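# Coordinates in review
Residues per chain are reported as follows:
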Amino acid sequence: MAPRIARPYWFRATGARVPWAAVAKAQYASAAATPWWDKLSHDLPRIDDSRTADLQLRWQCKAELGVPFGPFTVWTRAPKDALKEVDVTIRQRSEGLSLRLPVVAAVIAVQCDVIDPTRAVGLVATYVGGGLREAVGATAVSAPGGGRITLRVRCSGATRVLLVNGTNPTVGILPLQDVLDDPGWKEMERVGLPVDDPWPGTGYDTSQQGLVTAPTDPVSAALERLKRGGPPVGWAPVTGSGRLAPSWRAPDYPTLLKEIQQDLLPRIERLYRPGRAPADQATMADSPTVDPPSVGSKKSSLATTATLAPLSLLALPSSADPFLALATGFGTAYPVVGEQRRGVDVLVTAEYPDTPWKDGPVVM
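Now for a description of the structure that goes with this document. The shown structure was predicted, so the numbers you read here are calculated from the model rather than taken from an experiment.

Calculation notes
What you see as residue numbers is a count from 1 along each chain, following the sequence as written. Local features in this predicted model are restricted to residues of pLDDT 70 or higher, and side-chain atom pairs are both shown and tallied only at a pLDDT of 80 or more, whereas totals for entire chains, interfaces and linings draw on every residue. Heavy atoms from the whole structure form the basis of all side-chain values; hydrogens and water molecules are not counted. For two strands to be treated as a pair, DSSP must find at least two bridges joining them. For helices the rule is a DSSP run of H or I covering at least 4 residues; for strands it is a run of E covering at least 2, with both sets numbered from the N terminus onward. Salt bridges are defined as contacts in which a side-chain nitrogen from Lys or Arg sits within 4 Å of a carboxyl oxygen from Asp or Glu. Any residue under 20% of the maximum accessible area for its type is buried, any over 50% is exposed, and the rest in between are partly exposed; the area is computed with a 1.4 Å probe on protein chains only. What makes two residues a contact is simply this: any of their non-hydrogen atoms within 4.5 Å. Only buried Ala, Val, Leu, Ile, Met, Phe, Trp, Tyr and Cys residues count toward a nonpolar core, and they belong to the same one when joined by side-chain atoms within 4.5 Å. Arc definition: directions from the helix axis to the C-beta atoms. For the charge count, each Lys or Arg is scored as positive and each Asp or Glu as negative, with His and the chain ends excluded. Any pair of N or O atoms that falls within 3.5 Å is considered a polar contact. Within protein, one atom must be able to donate a hydrogen and the other to accept it, and sequence-neighbouring residues count only if both atoms are side-chain atoms. The convention used is that axes are lines fitted to C-alpha atoms, helices contributing only their stretch in contact, and that angles between N-to-C directions extend from 0 to 180 degrees. With respect to orientation, any angle under 35 degrees is reported as roughly parallel, any angle over 145 as roughly antiparallel, any angle of 65 to 115 as roughly perpendicular, and every other angle as oblique. Each helix crossing is assigned a hand: it is left-handed if the near helix lies turned anticlockwise from the far helix by less than a right angle, otherwise right-handed if that turn is clockwise. Residue type decides the class: Asp, Glu, Lys and Arg count as charged, Ala, Val, Leu, Ile, Met, Phe, Trp, Tyr, Cys and Pro as nonpolar, and the leftover types, Gly among them, as polar.

Read from one edge of the open sheet, four strands run β12-β11-β3-β16, paired in antiparallel fashion. Of all the strands in the sheet, just β12 (210–211) and β16 (345–349) have a single pairing partner and so form its edges. When strand β3 (residues 72–77) meets β16, the two strands line up antiparallel, connected through five bridges. When the sheet's bridge partners are listed, Val74 is paired in β16 with Val348.

With that out of the way, let us pick up the pattern of salt bridges. Taken as a whole, this structure holds 14 salt bridges when the rule is applied. Note that Asp113 and Arg148 form a salt bridge whose closest N and O atoms lie 3.0 Å from each other. Linking Asp113 in strand β6 (residues 97–114) with Arg148 in strand β9 (residues 148–164), this pair joins segments that are 35 residues apart in sequence. For Asp113, a relative accessible area of 24% gives the class partly exposed. Taking relative accessible area as the criterion, Arg148 reaches 39% and is therefore assigned partly exposed. Note that Arg228 and Glu189 form a salt bridge whose closest N and O atoms lie 2.8 Å from each other. Placement of Arg228 in helix α4 (residues 218–229) and of Glu189 in strand β11 (residues 186–191) is noted, with a sequence separation of 39 residues between them. What you see here is one network of salt bridges that share partners, running through Arg77, Lys80, Asp81, Arg152, Arg154, Asp182 and Asp345.

A few words now on the side chain of Gln27. Structurally, Gln27 is set in helix α1 (residues 20–32). For Gln27, a relative accessible area of 9% corresponds to the buried category. Every residue in contact with Gln27, bar those within four places of it in the chain, is listed here: Leu44, Val233, Gly234, Trp235, Ala236 and Pro237.

Membership of the largest hydrophobic core comes to 44 residues, with the highest contact counts inside it found for Trp59, Leu193 and Tyr272. Elements that contribute at least two residues to this core include exactly β2 (54–61), β3, α4, α5 (253–268), α6 (310–320) and α7 (322–328). It is α5 that contributes the most residues to this core, seven residues altogether. With residues up to four places along the chain from it excluded, the contact list for Leu193 reads Trp199, Tyr204, Gln209, Pro218, Leu265, Ile268, Tyr272, Leu314 and Thr328. Formed by 24 residues, the second largest nonpolar core is a distinct cluster that contains Leu99, Val114, Leu151 and Cys155.

Bringing α6 into the picture now. Residue pairs spaced three or four apart in an α-helix point in one direction, given the helix's 3.6 residues per turn. When we look at burial in α6, the residues that qualify are Pro310, Leu311, Leu314, Pro317 and Ser318. All buried residues of α6 lie within an arc of 160 degrees about the axis, which places them on one face of the element. Seen from the buried face of α6, the exposed residues on the opposite side, beyond 90 degrees, are Leu316 and Ala320. Buried residues along α6 sit against β2, α5 and α7.

Turning to unusual backbone geometry, a few remarks are in order. When glycine is set aside, most residues are seen to have a negative phi, and most peptide bonds are trans. Along the chain, Asp197 connects to Pro198 via a cis peptide bond; the corresponding omega equals 5 degrees. Within the secondary structure, Pro198 sits in the loop between β11 and β12. Its identity is not glycine, yet Asn165 carries a phi of approximately 65 degrees, on the positive side. Examined against the element boundaries, Asn165 turns out to sit in the loop between β9 and β10 (166–175). One non-glycine residue, Lys358, adopts positive backbone phi at about 60 degrees. Mapped onto the elements of the fold, Lys358 is located in the loop between β17 (351–352) and β18 (362–363).

Its place among the elements puts Arg225 in helix α4. In this structure Arg225 is buried but unpaired, with Glu189 as the nearest side chain of opposite charge at 4.8 Å. Separated by 2.8 Å, the side chain of Arg225 and the backbone oxygen of Leu326 make a polar contact. Discounting residues that sit within four places of it in the chain, Arg225 has contacts with Glu189, Arg190, Val191, Gly192, Gln209, Gly230, Leu326, Ala327, Gly329, Gly331 and Thr332.

Moving on to the packing of α4 against α5. Each pair of packed helices can be described by the angle between their axes along with the distance between the axes. Put simply, α4 and α5 touch, their axes get as near as 10 Å, and they point 135 degrees apart. Here α4 lies oblique to α5, going by the angle between them. When you trace α4 past α5, the crossing you get is right-handed. Facing Val219, Ala222, Leu223, Leu226 and Lys227 of α4, the residues of α5 in contact are Tyr253, Pro254, Leu256, Leu257 and Gln261. When its residues are assigned to classes, the contact of α4 with α5 shows eight nonpolar, one polar and one charged.

So this is what it looks like as structure tokens:
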């Protein structure tokens, strides 16, 4: 079996608990304070008891790595925080103390003395850099009584943390590689493109997708993801300047999948042709003919083309729109109910025959 590795600069997943009921309640409250309440009260979406909150997952692959020739796999396990105390390199910064970790860590716990009891103590975990652009997790604790406190951050992999309003730190970590190697991971779902089986001319794995408890064909699995995780609430009914916004409606899921199959899949098919490596995908480009420039009824006679990268045609919609992320296999969602409210660790993996560093095959 190929080794399981983590390279957050090539492939990274993120997750968030989205309290849909609270979002909807806030929208109702803002709408009720407007002169259009009678109209809006009929247009605003309703949230049923099964969608009070979701765990929403999203992931993306860097162009340098490319996208895999098959579905992503989602795994879960009960949280395990067997932390090891480590020595860190401490550097004073204007915002606080920068603590450089000896290895990439999935869980970081920092004990420290509070500097100013009137302010919260914060901990920001980052990957490679130390700024907010590189942040992968954060937490804050109020300590009105001062003294010594503990802050804990769980993340996709951090190399340093920034401690704000704390001093004399003691650091414990759970190395990311230890998390990856844990035999306790249980496969939960296979998530991929909504393709027919077979997908002629490609080497894409068109086998069953979906929850391991109810596997099905890729198109039906995508429809299930949309039904389970499609946002039930959209933009606010009133703009920040107090104007009435257009009514929000979720797309029709079967129509959305049909558009993807008809318009997107033919344009990205050559990403998955047999014999090609994922790392080669970033260099591919097509130059289809497009309508020439025109002014009124006058149209240029010059031949006009556009340069389109198939990888970008897939990456842009899957990263920019929540419904398209679910439909194209770059995201999934699960309802947060009962015991799940206590938290669960989630891992997303993909199989690669090689990497840009030529150290494959690997499970990323």
